[in-house]
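The chain contents come next:
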Amino acid sequence: MSEHSSIPSIKVPAVVGTTLREHVLHGMHAAPGATGEFTSLLNHISLAIRIINSRVRSAGLSELLGYTGETNVQGEEVQKLDTFSNDVLMNVLERSGHCGAIASEEIDDAILAKNHGRYIALFDPLDGSSNIDTNVGIGTIFAILRRTDPKLSLPSLPEVLRPGREIVAAGYVLYGPSTIFVLSTGQGAHGFTLDPAIGEFFLSQPDIRCPSRGSCFSVNEGNFTRWTPEIQRWAKWIRGDQSDGAPTATAGFNTPYGARYVGSLVADAHRTLLKGGIFAYPADTKSKNGKLRLLYEANPMAFLFEQAGGAATNGKDRILDIMPSELHQRTPLILGSKDDVGAFRQFLAGER
Ligand code: AFP
């Protein structure tokens, strides 16, 4: 009971009430020489996200479901919500004045501004779009790079094609039963939940840590016959299938793992980040370089997983060390708990 009333007092966690805006401002005050531009850029992204969220939530009522009839640069059919989300992010970021360059999964070329904006934004405006019409979790993914010489030069393509280890902030938003924004500015990964009544993101999962081992694997097993024998061997091991000489359970790994696959990277990655385990979209005979995009999907996720103590690889190399050669480059992506990702790499190297 509280001292002054008969109403039972409720223990409110200390973090409740911290908005995304305050969290970002706090980071700015801690950074010597910060100008407020980065903070303002993240606030613009948060605005775009809230606009997209509101349309995703009511898409079925506002004729925003279904296809536009066009295909994007990857040859994929474009959904109306893809276009809407892309336009919102483009408009908000261009108007912010902070971006010297913007690149999106949905547009052919990077937009190189004729300004001296200090940042570069890369994003997948609506990930998992094949799940839109069936009300399954979808998301937005982004990464921010700092321009190398914003005062002296106008932006150019090589400035956009940089390895993920140079990212200064990355995040994703999951439009699921609630809207969750996971953000890292290089000091851990933090989760914020949108309070729809107030229209603000509040800190709900400070300092997320990805467990070092999990109990679930997330992979499109329909591709099994298209994988190399090494990847098939890994898949059998993790399912606890010892036919054809696949190795038995290894000490510490509690195989068989449970299978969980949504088909929206944001949803599969979010579960893996919080609960541990592994998400894998390896190369196969159909997608020879993997399916996921390095700049818009793999790099931001890899940055977030590493910030949370997890790992991300293409099977051989660290994702964040890959030097991109083109905007829409694809890569195999294996994300998750450090030990689970390590085991995958051993299988791929033929060590198991
Ligand atoms: P879309 O955004 O084109 O639907 O692609 C989703 C995605 O890039 C990623 O979010 C999923 O992890 C992956 O594709 C699913 O691919 P499969 O349908 O081949 O399993």
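Residues numbered from 1 in each chain as written. Predicted model: local features only at pLDDT ≥ 70, side-chain atom pairs only at ≥ 80, totals over all residues. Heavy atoms only, no water.

### Looking at the pattern of salt bridges
Step number 1: In this structure the tally under the stated criterion is 13 salt bridges.
Step number 2: Note that glutamate 105 and arginine 293 form a salt bridge whose closest N and O atoms lie 3.6 Å from each other. One end of the pair, glutamate 105, is in the loop between strand 3 (99–104) and strand 4 (111–112); the other, arginine 293, is in strand 14 (residues 292–293), with 188 residues separating them in the sequence.
Step number 3: We classify glutamate 105 as buried; its relative accessible area is 5%.
Step number 4: Taking the shortest distance from any N to any O, the salt bridge between aspartate 339 and arginine 213 comes out at 2.7 Å. Note that aspartate 339 is positioned in helix 8 (residues 338–348) and arginine 213 in the loop between strand 10 (200–205) and strand 11 (216–218), a separation of 126 residues in sequence.
Step number 5: Residue aspartate 339 is classed as partly exposed on the basis of its relative accessible area, which comes to 28%.
Step number 6: Judged by relative accessible area, which is 31%, arginine 213 ranks as partly exposed. (Salt bridge = Lys/Arg side-chain N within 4 Å of Asp/Glu carboxyl O. Helix = DSSP H or I, 4+ residues; strand = E, 2+ residues; numbered from the N terminus. Buried < 20%, exposed > 50% of the residue type's maximum accessible area, 1.4 Å probe, protein only.)

### Brief notes about empty space enclosed by the protein
Step number 1: In this structure the tally under the stated criterion is two cavities of 30 Å³ or more.
Step number 2: Lining of the largest cavity is provided by Leu20, Arg21, Asn43, Ser46, Arg50, Glu200 and Phe201.
Step number 3: For the lining of the largest cavity, the secondary structure elements donating two or more residues are helix 1 (20–30), helix 2 (37–57) and strand 10.
Step number 4: Per-element accounting of the lining of the largest cavity gives the leading share, three residues, to helix 2.
Step number 5: In terms of residue class, the lining of the largest cavity is made up of two nonpolar, two polar and three charged.
Step number 6: Residue lining of the second largest cavity: Leu122, Ala143, Leu145, Val160, Arg162, Pro163, Gly164, Ile167, Leu295 and Asn299, and that is the complete set.
Step number 7: The set of elements that each furnish at least two residues to the lining of the second largest cavity consists of strand 6 (138–146) and helix 7 (294–307).
Step number 8: The residue makeup of the lining of the second largest cavity, split by class, is seven nonpolar, two polar and one charged. (1 Å grid on protein atoms, 1.4 Å probe; cavity = no way out; pocket = protein on both sides within 12 Å on 5 of 7 lines; lining within 4 Å. Points joined across faces, edges and corners; volume = space filled by probe spheres on them. Nonpolar A, V, L, I, M, F, W, Y, C, P; charged D, E, K, R; others polar.)

### Some remarks on the packing of aromatic side chains
Step number 1: Evaluation of the coordinates by the stated rule reveals eight aromatic pairs.
Step number 2: Here the aromatic rings of phenylalanine 38 and tyrosine 119 are separated by 5.6 Å at their centres, their planes lie at 35°, and the arrangement is tilted. Highlighted residues: phenylalanine 38 in helix 2 and tyrosine 119 in strand 5 (residues 119–127), separated in sequence by 81 residues.
Step number 3: Measuring from ring centre to ring centre gives 5.4 Å for phenylalanine 181 and phenylalanine 201, while their planes differ by 85°; the resulting arrangement is edge-to-face. Highlighted residues: phenylalanine 181 in strand 8 (residues 179–184) and phenylalanine 201 in strand 10, separated in sequence by 20 residues. Note on accessibility: phenylalanine 181 and phenylalanine 201 belong to one class, buried.
Step number 4: By the ring-pair criterion, three or more aromatic residues cluster together here, those being Phe142, Phe181 and Phe201.
Step number 5: When the ring centre of phenylalanine 253 is taken as reference, the NZ or CZ atom of arginine 213 above it lies at 4.1 Å.
Step number 6: One residue, arginine 352, lies across the ring of tryptophan 237, its end atom 5.2 Å from the ring centre. (Phe/Tyr/Trp six-rings, centres within 6.5 Å; stacked < 30°, edge-to-face > 60°. Lys NZ or Arg CZ within 6 Å of the ring centre and 35° of its normal.)

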